[in-house]
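# Fold and geometry: a report
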Amino acid sequence: MPIRPAIAAIVVTVMALFTLPASAASAITPPHSHEHGHGHSPWQAAWGAAMQEPAEGVLPNWAAAGFDDHSVRQVLRLSAGGTTLRIRLSNLYGSAPVRLAGATVARAGRGAAVMPDTVRPLTFRHSPAGSIPAGGELVSDPVAFRTKALDRLTVTLYFAAPTGPATQHFLAFHSTYRASGNHLLDPAPTAFTETTQSYYFLTGVEVGPRPAMSRSRGTVVTLGDSLTDGSFSTVDADNSYADELAERLTAAGRDLAVVNAGIGGNRLLRDSPCFGESAQSRFQRDVLSRPGVRTVIISEALNDIFDVAGIPLGEGCNWPNPTLTVSQLIEGHRALIRLAHAHGIRIIGGTVTPFKGNPYGVFTAHGEAVRDGLNRWILTSGEYDAVVDFAGAVADPADPDRLFPGYDGSPALRDAVHLNDAGFRAMAAAINLSDL
């Protein structure tokens with residue numbers, strides 16, 4: 001779904017504010033599962049999306065209306081492989097169960113096409129249909145499906161009856177396709193005539209088997225805002241910094257997966273109906289509940305620092321932050337450190353990237369002083385297990401309070417906040433792989 005320039009000008013300001021035995025049964029679980037932590041699960045999270053409320057925000061999609069007699073085909077790229085896989089579906093923000101009439105997985109072709117001989121039906125407690133409980137999750141049975149790191153897959157879901165509003169990941173910058181009727185087994189793209197750039201219900205893909213006490217395997221979760229989510233990277237190109245990190249790990253022969261838990265517009269301290277629950281609120285769900293997690297990289301606080309009170313973003317989406325202090329943000333980061341360490345997970349702190357020169361009024365001298373103070377603490381306090389200087393990696397050497405011009409946005413969008421593909425590669429390159 002293209003973004004009209006007038007709306008994009010508003011959105012971009014906000015966004016950076018921002019294998020198992022075949023007999024194993026599927027699980028219907030609450031969002032706070034306990035298959036987390038290094039060595040605790042034979043499964044490894046290999047792809048994920050952080051879930052948000054079914055609000056349309058400033059850009060319409062299908063979440064508010066939901067689905068009725070629709071097939072929804074979603075394309076993703078795994079960051080690790082295995083001999084079996086399973087999917088995880090979320091109805092976190094639903095007020096009633098969602099009936100799933102069927103689901104399939106396949107190797108992705110071009111657009112909505114899939115490779116015909118690779119389509120595999122998924123089951124849920126040995127049934128082709130399942131119910132995603134209100135506020136909970138539905139996990140498929142394991143299916144034999146051999147994959148390797150960086151394989152592209154599709155997951156197709158068929159909803160025969162109305163779903164009501166759909167739990168979603170709003171701006172994924174990956175194409176999702178919709179067709180009327182049941183096209184679960186259809187390899188052709190012809191029926192899939194509608195598209196958006198959001199994910200619906202699909203929150204995870206996990207691969208197995210993972211040796212129970214393997215010290216070389218596991219999952220790295222990247223938790224953050226639009227600069228983690230990959231907002232305004234090239235659509236369908238897998239160029240977020242999490243994607244680029246997965247490519248670095250694969251090239252280095254490291255058997256680590258990367259799951260992107262970024263949400264555009266997300267904040268460290270406050271929830272938002274448009275930009276997701278805060279990093280503190282969602283840490284359990286988006287980090288600790290993923291199987292096989294060993295490390296989390298934090299990149300949060302830019303949206304907390306921004307002052308966008310004068311920009312019309314929709315009900316509940318504006319937030320004035322003129323009095324936010326460095327101490328408040330430090331305490332927010334410390335809360336995440338405590339949560340990670342309590343579950344035996346390594347945590348890496350990322351510095352907050354520059355935003356001087358933003359043309360929409362979000363830059364203030366106070367905000368810059370807060371950013372500088374927080375970054376000094378991240379780099380020098382020793383409270384994180386390791387640090388990565390994202391700010392230094394993308395700053396202009398001539399003025400470190402600004403982005404390097406070559407990293408500033410796409411050709412059609414330069415807001416002194418968001419990055420282009422080269423900027424995301426620079427973020428990924430700044431990470432010391434031995435810290436993971």
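To be clear, the structure that these remarks concern was listed above.
Residues numbered from 1 in each chain as written. Predicted model: local features only at pLDDT ≥ 70, side-chain atom pairs only at ≥ 80, totals over all residues. Heavy atoms only, no water.

## Re the overall build of the protein
This is how the line gets drawn: Numbering goes from the N terminus for both helices and strands, where a helix is a DSSP run of H or I of at least four residues and a strand is a run of E of at least two. The classification of residues rests on relative accessible area computed with a 1.4 Å probe and restricted to protein chains. Under 20% of the type maximum is buried, over 50% is exposed, and intermediate values are partly exposed. With residues, only the protein chains shown are counted as cover, and all accessible areas are computed by Shrake-Rupley using a 1.4 Å probe.
Per the secondary structure count, the protein includes 9 helices and 23 strands. Residues counted as buried form 61% of the 436 residues belonging to the protein. Of the roughly 15,100 Å² of accessible surface on the protein, a fraction of 56% belongs to carbon and sulfur atoms.

## A look at the pairing of strand β17 (residues 218–224)
Rule in force here: At least two bridges found by DSSP between two strands are what make those strands a pair.
Of all the 7 residues making up β17, 7 are buried; the element is thus mostly covered by neighbouring parts of the structure. The two faces of β17 match: G218, V220, T222 and G224 on one face and T219, V221 and L223 on the other face are all buried. Summarising the sheet, β17 and strand β18 (residues 256–262) pair through 7 bridges and their orientation is parallel. Within β18, the position partnered with G224 by the bridge is G262. Across 6 bridges, the pairing between β17 and strand β19 (residues 293–299) is parallel. Within β19, the residue paired with T219 across the bridge is V293.

## With respect to unusual backbone geometry
That bond from G208 to P209 is cis: its omega, -5°, falls within 30 degrees of zero. Looking at where P209 falls in the secondary structure, it is placed in the loop between β16 (202–208) and β17. Look at L150: it is not a glycine, yet its phi comes out positive at around 75°. Within the secondary structure, L150 is located in the loop between β10 (143–144) and β11 (152–159). The exposure class of L150 is partly exposed, given its relative accessible area of 28%. For A301, which is not a glycine, the phi torsion comes out positive at approximately 135°. Here A301 falls in the buried class, since its relative accessible area comes to 0%.

## Notes on the packing of helix α3 (residues 241–251) against helix α9 (residues 421–429)
Operational definition: In this analysis, axes come from line fits to C-alpha atoms, helices being fitted only over the stretch in contact, and the angle between any two N-to-C directions falls in the range 0 to 180 degrees. Roughly parallel covers angles under 35 degrees, roughly antiparallel covers those over 145, roughly perpendicular covers 65 to 115, and oblique covers all other angles. With the far helix as reference, a near helix turned anticlockwise by less than a right angle produces a left-handed crossing, and one turned clockwise produces a right-handed crossing. Throughout, a residue-residue contact means that at least one pair of heavy atoms, one from each residue, lies within 4.5 Å.
Put simply, α3 and α9 touch, their axes get as near as 8 Å, and they point 55° apart. Between α3 and α9, the crossing angle belongs to the class labelled oblique. In terms of crossing hand, the pair formed by α3 and α9 is right-handed. Along the contact surface, α3 presents Y241, E244, L245 and R248, while α9 presents F424, R425, M427, A428 and A429.

## Section: the sheet that holds β17
Across the sheet, which stays open at both edges, the 5 strands sit in the order β18-β17-β19-β20-β21 with parallel pairing between neighbours. The open sheet has two edge strands, β18 and β21 (386–388), and neither has a second partner. Neighbouring strand axes in the sheet, compared pairwise and without regard to direction, differ in orientation by 20° on average. Pairing between β19 and strand β20 (residues 346–350): 4 bridges, direction parallel. What sits directly across from T295, in β20, is R346. Relative to the sheet, α3 contacts β17, β18 and β19, its axis offset from that of β18 by approximately 175°. Relative to the sheet, helix α4 (residues 279–288) contacts β17, β18 and β19, its axis offset from that of β17 by approximately 160°.

## Remarks on the environment of Q328
Among the structural elements, Q328 can be located in helix α6 (residues 326–342). Taking the relative accessible area as the measure of exposure, Q328 reaches 39% and is therefore partly exposed. Spatially, the C-alpha atoms of Q328 and L269 are 8.5 Å apart, while their sequence positions differ by 59 residues.

## Things to note about the pattern of salt bridges
Quick note on the threshold: Any carboxyl oxygen of Asp or Glu within 4 Å of a side-chain nitrogen of Lys or Arg constitutes a salt bridge here.
Taken as a whole and judged by the stated rule, the model has 21 salt bridges. Between R282 and D286 there is a salt bridge, and its shortest N-O distance comes to 2.8 Å. Taken together, the residues span about one helical turn, with R282 and D286 both in helix α4 at a distance of 4 residues. Judged on exposure class, the residue R282 and its partner D286 are both buried. Ionic pairing is found between E383 and R334, a salt bridge with its closest N-O pair at 2.8 Å. Taken together, the residues span a long stretch of sequence, with E383 in the loop between α7 (365–380) and β21 and R334 in helix α6 at a distance of 49 residues. The class of E383 is partly exposed, set by a relative accessible area of 29%. Among the charged side chains, a network of salt bridges with common partners joins E277, R282, R285, D286 and E300.

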